[in-house]
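Each chain is listed here by its residues.
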Amino acid sequence: MRSNRIAGWSISVLLLAGVTAASAQVNVTTYHNDNGRTGQNLQETILTTANVNTTSFGKLFSQTIDGYSYSQPLYMSNVEIPNKGSHNVVFVTTMADSVYAFDADNKTGSNAQPLWHVNFTNASKGITTVPESDINCPDIITNQIGIMSTPVIDSIGGTIYVLARTLESGKYFHRLHALDITTGAEKFGGPIAISASVPGKGSGAKNGMISFNPQLENQRSALLLQGDNVYISWSSLCDFSSYHGWVMAYDDETLTQTAVWLTTPNGKQGGIWQSGDGPAADSGGSLYITTGNGTFDANVNSGVDYAQSVVKTGQPAGDTLPVQDYFTPFNALTYNTTDLDIGSTGLVLLPDQTGPHKHLLVQNDKAGDMFLIDRDNMGKFKAGSNSQIVQSLSAVNKGMWSSPSWWNNFVYLGGQAGPIQAFTFNPTTGLLSTTPTSKTATNFAYPGTTVSISANQTSNGVLWALNNSSYKNANGNATLSAYMANNLSKRLYISSTNGSRDNPGAAVKFQVPTIVNGKVYVATQKSLAVYGLLN
């Protein structure tokens, strides 16, 4: 069955493993809907530009959770829950180290309670979340660090993979859990504790080796399932101490570690944040990873440090991920001094093209630049300019702490302190418009927003955006908005119009809505809010 798993551009449709196939529905099993991180659901036939409005659409119900949810809600249809029948299920994780499985359609009767709920702490045994005071990062707006990243689901095997942090009798752990989607039970002998050491002489090295530090390293970016491996990546919290960027691969059925790649083995930093986005992967199995500020020397002989870069790697080989290509902006090292790194944002892989560049990706940075890169020839580093890549646009917004999205030849950017913008892609020339062809009338304050798009293929495109700018305020509510995806000047809906009915709850930084099968799911500091058609 493992050979049947492929990376594609459509959202997966579940066929096996504890799930009935009574009705073929869309599933959202990974961050931003697919391994290209496009953020689009092209099979949404219920929500349209005609019925998404404050009269017909609104919040249907909410479910209480036990902590801040930084991860995007995931969704599986027709899951057979033991002794509870078949349910469409939405999965939510929290910084309290909990995983919830809720009925995705209602909270009536027995559905008022989770279908299942697991928590990885046990105070009686000295197992807790990591206290904020232990990680030297005052900008983390919660008093506990548990599950921060978006999990990933293997729809064929019926497994959800989750990375949780714990403090256990004074020792720090990151653990990979593989849970049965029908019960929450551990699978494959899990969980397994994360550990790794690689040769290097960079920051924190001892006797020629750099070891993974479970206290310093933070796991923010989403998990990736590609082929037979689960990929997990790390950065730090608040650029503190001797951290590095790590990527590790684990076999999806044995949980055996299959590869470790360190971004800066002879230098420092190079963390993988991506504003909660995860590494992307193409249909050939290559991975695309964006790194933050730190040491870059890959352009010199024998250089192995890849901070401030977009890096393409192969699949596990010889216990590592072989670097196949990369792009580093010409001014990356200058940006180091002002913390304007490229790694503040994730990337999006464009679907295969027929023009001069068949395989493209879009990446942004904190300075507001946008880069269109040929994935088959990424350009590496060129002193003085970025002319080696397909297109480089300077200061298209006021900086990105979010990720780009794609639909129907539009690239969408939700930069901070500005509007959401749409740049048109020309398939004939293989270039983006140099200025936005559409933008919202509303500005989104820091950190901006990563948008999602629902559509019926190329029609009825709706762009969904969360305004989470009040995330530092426990009483500051998120706002859900919907716009015409091909004309962002037309707003269809905003939750504040009927705040008593539609308020999603207190905002969480980097949270992304999930739109699937006529519903919109928004996780907050204390709840999961579910939106849909009111009648």
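Everything discussed here concerns the structure shown above.
Reference entry: report on the structure contained in this document. (Residues numbered from 1 in each chain as written. Predicted model: local features only at pLDDT ≥ 70, side-chain atom pairs only at ≥ 80, totals over all residues. Heavy atoms only, no water.)

A few words on the overall build of the protein. Of regular secondary structure, the protein possesses 2 helices and 40 strands. Against the globule reference of 24 Å for 535 residues, the protein gives a C-alpha radius of gyration of 21 Å, in line with a compact fold. Based on the C-alpha atoms only, the size of the protein along its principal axes is roughly 65 × 55 × 45 Å. Going through the 535 residues of the protein one by one, you find that 63% of them count as buried. Long-range pairs, those at least 24 residues apart, make up 61% of the contacts in the protein between residues at least 6 apart in sequence. Distance between charge centroids for the protein: 6 Å, based on 30 positive and 34 negative side chains. (Helix = DSSP H or I, 4+ residues; strand = E, 2+ residues; numbered from the N terminus. Rg over C-alpha atoms; globule rule 2.2 N^0.38 Å. Buried < 20%, exposed > 50% of the residue type's maximum accessible area, 1.4 Å probe, protein only. Contact = heavy atoms within 4.5 Å. Lys, Arg positive; Asp, Glu negative; His and termini not counted. Charge placed at Lys NZ, Arg CZ, Asp CG, Glu CD.)

Residues Phe91, Val99, Phe120 and Tyr521 are the most contacted members of the largest nonpolar core, which totals 33 residues. Going through the elements one at a time, β3 (74-81), β4 (85-93), β5 (98-103), β6 (116-119), β11 (159-168) and β40 (527-533) are the ones with two or more residues in this core. A total of 5 residues in this core trace back to one element, the largest contributor, which is β3. For phenylalanine 120, the residues in contact, after removing those within four places along its chain, are Asp97, Val99, Ile127, Ile147, Val162, Ala164, Thr166, His177, Leu179 and Glu186. (Core = buried A, V, L, I, M, F, W, Y, C linked by side-chain atoms within 4.5 Å.)

In this section: the packing of aromatic side chains. The geometry of an aromatic ring pair comes down to the distance between the two centres and the angle between the two planes. Counted under the stated rule, the structure contains 19 aromatic pairs. With 5.8 Å between their ring centres and 70° between their planes, tryptophan 406 and phenylalanine 425 make a pair best called edge-to-face. Here the residue tryptophan 406 occupies a position in strand β29 (residues 405-407), and phenylalanine 425 occupies one in strand β31 (residues 418-426), the gap between them amounting to 19 residues. Across the pair, phenylalanine 425 and tryptophan 406 agree in class, each one buried. An aromatic cluster is built from Trp261, Phe296, Tyr306, Tyr326 and Phe381, whose rings are joined through pairwise contacts. Here the basic side chain of arginine 175 rests over the ring of phenylalanine 173, its NZ or CZ set 4.4 Å away from the ring centre. (Phe/Tyr/Trp six-rings, centres within 6.5 Å; stacked < 30°, edge-to-face > 60°. Lys NZ or Arg CZ within 6 Å of the ring centre and 35° of its normal.)

Sheet architecture is open: 4 strands sit in the order β16-β17-β18-β19, paired in antiparallel fashion. A strand with exactly one partner marks an edge of an open sheet, and here the two such strands are β16 (224-226) and β19 (257-262). Pairs of neighbouring strands in the sheet enclose a mean axial angle of 20°, with direction left out of account. (Pairing = 2+ DSSP bridges. Axes fitted to C-alpha atoms, helices over the stretch in contact; angles between N-to-C directions.)

Let us look at unusual backbone geometry. Residue proline 191 follows glycine 190 across a cis peptide bond; omega there is 0°. Looking at where proline 191 falls in the secondary structure, it is placed in the loop between β12 (171-180) and β13 (192-193). The backbone phi angle of asparagine 78 is positive, close to 55°, even though this residue is not glycine. With respect to the helices and strands, the residue asparagine 78 is situated in strand β3. In this structure asparagine 78 comes out as buried when scored by relative accessible area, which is 9%. Look at asparagine 207: it is not a glycine, yet its phi comes out positive at around 55°. For asparagine 207, the location among the structural elements is in the loop between β14 (197-199) and β15 (209-211). Judged by its relative accessible area of 81%, asparagine 207 falls in the exposed class.

By the definition in use, this model includes 7 salt bridges. Notably, a salt bridge pairs arginine 501 with aspartate 502, separated by 2.6 Å at the nearest N-O pair. Residue arginine 501 is classed as partly exposed on the basis of its relative accessible area, which comes to 25%. A network of salt bridges, in which partner residues are shared, links Asp339, Asp341 and Lys366. (Salt bridge = Lys/Arg side-chain N within 4 Å of Asp/Glu carboxyl O.)

With 5 of 5 residues buried, strand β25 (residues 360-364) lies mostly within the body of the structure. Burial along β25 is two-sided: Leu360, Val362 and Asn364 and Leu361 and Gln363, pointing in opposite directions, are all buried. Two strands pair when backbone bridges link them, and strand β24 (residues 347-349) and β25 are joined in this way by 3 bridges, in the antiparallel orientation. For leucine 347, the partnering residue across the bridge sits in β25 and is glutamine 363.

Residue placement: arginine 37 occurs in the segment before β1 (40-41). A polar contact is formed between the side chain of arginine 37 and the backbone oxygen of glycine 278, at a distance of 3.5 Å. (Polar contact = N/O pair within 3.5 Å; in protein donor to acceptor, adjacent residues only side chain to side chain.)

Okay, the sheet that holds strand β39 (residues 519-523) next. In spatial order, the strands read β2-β40-β39-β38; together these 4 strands make up an open sheet with antiparallel pairing. Of all strands in the sheet, those with a lone pairing partner are β2 (57-64) and β38 (514-516), marking the two edges. Here the strands of the sheet are splayed against their neighbours by 20° on average, with no regard to which way each runs. Pairing analysis gives 3 bridges linking β38 to β39, with the strands arranged antiparallel. From the neighbouring strand, valine 516 faces β39, where its bridge partner is lysine 519.

Strand β26 (residues 370-374) sits mainly inside the fold: 5 of its 5 residues count as buried. Side chains Met370, Leu372 and Asp374 of β26 all project onto a buried face; the interleaved residues Phe371 and Ile373 project onto the opposite face, where all are buried too. In this structure, β25 lies alongside β26, joined through 5 bridges in antiparallel fashion. By the bridge assignment for β26, leucine 361 is matched with isoleucine 373. Two successive antiparallel strands, β25 and β26, enclose a turn made up of 5 residues, where glycine 368 displays a positive phi of approximately 90°. Bridge count for β26 against strand β28 (residues 391-393) is 3 bridges, and the pairing is antiparallel. By the bridge assignment for β28, methionine 370 is matched with leucine 393.

With respect to the element layout, tyrosine 306 can be found in the loop between β21 (287-290) and β22 (310-313). Judged by relative accessible area, tyrosine 306 falls into the buried class, the value being 11%. Spatially, the C-alpha atoms of tyrosine 306 and threonine 55 are 51 Å apart, while their sequence positions differ by 251 residues.

By themselves, these are just geometric observations and shouldn't be taken as functional.
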